[in-house]
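A closer look at the structure
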Amino acid sequence: MEQPTGTPTTPAGVVARADRVLAELDETMWVAKSSEELVEAVAVAERLRAHLAALEAAVVAEVHARGVAKGELAWGSTAEWFSHLAGTHRATGHQTIRHADTLVNERSATHAAMTAGRVSPEQAAVIIDAVDRLPTDAQVRADGESFLLDAATRLNATDLAKAARHLVEVADPDAAERRTEKELERQDRAAHHHRFLAIVEDGAGGIRLRGRGTVEDAAAIKAALLPLTKPAPAVDPTTGEENVDPRDHGARLWDALVETCRHALTTDLPPDCHGARPRIAVTTSLEVLQEGLDLGRIDWATLGTDLPTTDDGLELTPAVVRRMACDADLIPVVLGTQGAVLDVGRTSRLVTPAIWRALVCRDRHCAFPGCTRPPVMGHAHHITHWADHGETSLENLVLLCGHHHRTIHHTPWQVRLNPADGKPEFLPPQRPGAPPPTWIRTRRRE
């Protein structure tokens, strides 16, 4: 972890000075300390942790209010910037930003208690979420916050959460009736707001679908899929008798979904995300290609530990690749000894499917530092613009998502391919009073 920087008169400088003071304890032989000293050190450290969390909340809230992360640092959001900077989970980053804004602007009593070290960050999170569930009357929420702050002096975060749930129930006795009247409308709005679809590997050679949407969405999906789920009896070739379709309803519904997607690809419905016939890229060595590319005879163990993957990262077994290749455009991606792309089918003046595949193979996802948006959300950016006589070749392209494509075009950020290994790297804008920036590939702390 990099040490905090800044002059002694700046906020960062004050924090850095405190960090240097604490560093005097790094080599402490705790085994030589008394039990009283150990317990006291932990108690003071927890008060300091709460104080530091309150300080960080105030700073983060101001960063968010000014739009610094998105407007000046070119991140997608304050939460995205903070998650990367802190090295935390994305969900934690979003919660930190939301709680910081609420602490500073609405729950000032809780923020003051954190600053004084009387309330831990975990207890503060419980209070914020509980008060947010109370009726919107300002006095009711102020009283609820006061009650929970008092309870926090006696309860840990787990028990405080139980007290908070009870508080919400008794503070709004009419809530049950109102919830009954508005539940359907609320659920529909919530379902639409939180709609999502995730395709994840199940660790057993397959995938799982997880998702959520509105009842209206379900009606449209069922209208498209149910006509394709009619049982299809199979005819026994030896007896000529019809056998009952062995697939249950769930299996037929899955097959209908796959068939609908294949139909969409066959009719070229998604041209903006490089949709066409399925294209299979088999990443192999030059030696294997020179010996003859035969998917049935390739020793997959020689291709490395990574299985073939799709554009969005799903791993495919060799058997699946062979089966998909029966009705797909097969593109061999040839790698050198250092993993550099040597050739990918053919070249052309335009960003052809072959060049796009090479770009995806090299960059994997949006190459901008800290961004992992998949290739299906990406653009092929000319490092030297076509209007400036830049070539449409792998040596002049970088994979960027839409947001960071606009960033490179309309802000001082710069991009190039490293002359040593040909991988993308980026140069941040010069900040007033800061040292000259250096080329980076990824960043957490600067």
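Note: the structure precedes this text.
Residues numbered from 1 in each chain as written. Predicted model: local features only at pLDDT ≥ 70, side-chain atom pairs only at ≥ 80, totals over all residues. Heavy atoms only, no water.

1. Some remarks on the overall build of the protein chain
Scanning the protein chain for helices and strands turns up 16 helices and eleven strands. Counting across all 446 residues of the protein chain, residues that qualify as buried make up 31%. Once local pairs closer than 6 in sequence are excluded, the contacts in the protein chain between residues at least 24 apart make up 50%. Summed over its atoms, the accessible surface of the protein chain is roughly 28500 Å², and 56% of this surface lies on carbon and sulfur atoms. (Helix = DSSP H or I, 4+ residues; strand = E, 2+ residues; numbered from the N terminus. Buried < 20%, exposed > 50% of the residue type's maximum accessible area, 1.4 Å probe, protein only. Contact = heavy atoms within 4.5 Å. Areas by Shrake-Rupley, 256 points an atom, 1.4 Å probe, with all protein chains shown as cover.)

2. Quick word on a nonpolar patch on the surface
Judged by side-chain polarity, L22, L25, W30, L38 and L48 come together as a nonpolar surface patch covering roughly 440 Å² of accessible area. Looking at the secondary structure, you find W30 in the loop between α1 (11–22) and α2 (35–66). Overall, W30 belongs to the partly exposed group, its relative accessible area being 41%. (Patch = residues over 30% accessible without salt bridge, like charges linked within 9 Å, V, L, I, M, F, W, Y side chains within 5 Å. Salt bridge = Lys/Arg side-chain N within 4 Å of Asp/Glu carboxyl O.)

3. A few points about helix α6 (residues 108–115)
Buried within α6 are the following residues: T110, H111, A113 and M114. Projected onto a plane normal to the axis of α6, the buried residues spread over an arc of 160° and lie on a single side. Summarising the contacts, the buried residues of α6 are in contact with α2, α5 (90–105), α7 (121–132) and α8 (138–152). A positive backbone phi angle near 80° is found at G117, which sits one or two residues after α6. (Arc of directions from axis to C-beta.)

4. So, the packing of aromatic side chains
In the structure shown here, the tally under the stated rule is three aromatic pairs. Through pairs of rings, three or more aromatic residues link up here, namely F368, W413 and F426. (Phe/Tyr/Trp six-rings, centres within 6.5 Å; stacked < 30°, edge-to-face > 60°.)

Any functional reading would require information beyond the geometric quantities listed.
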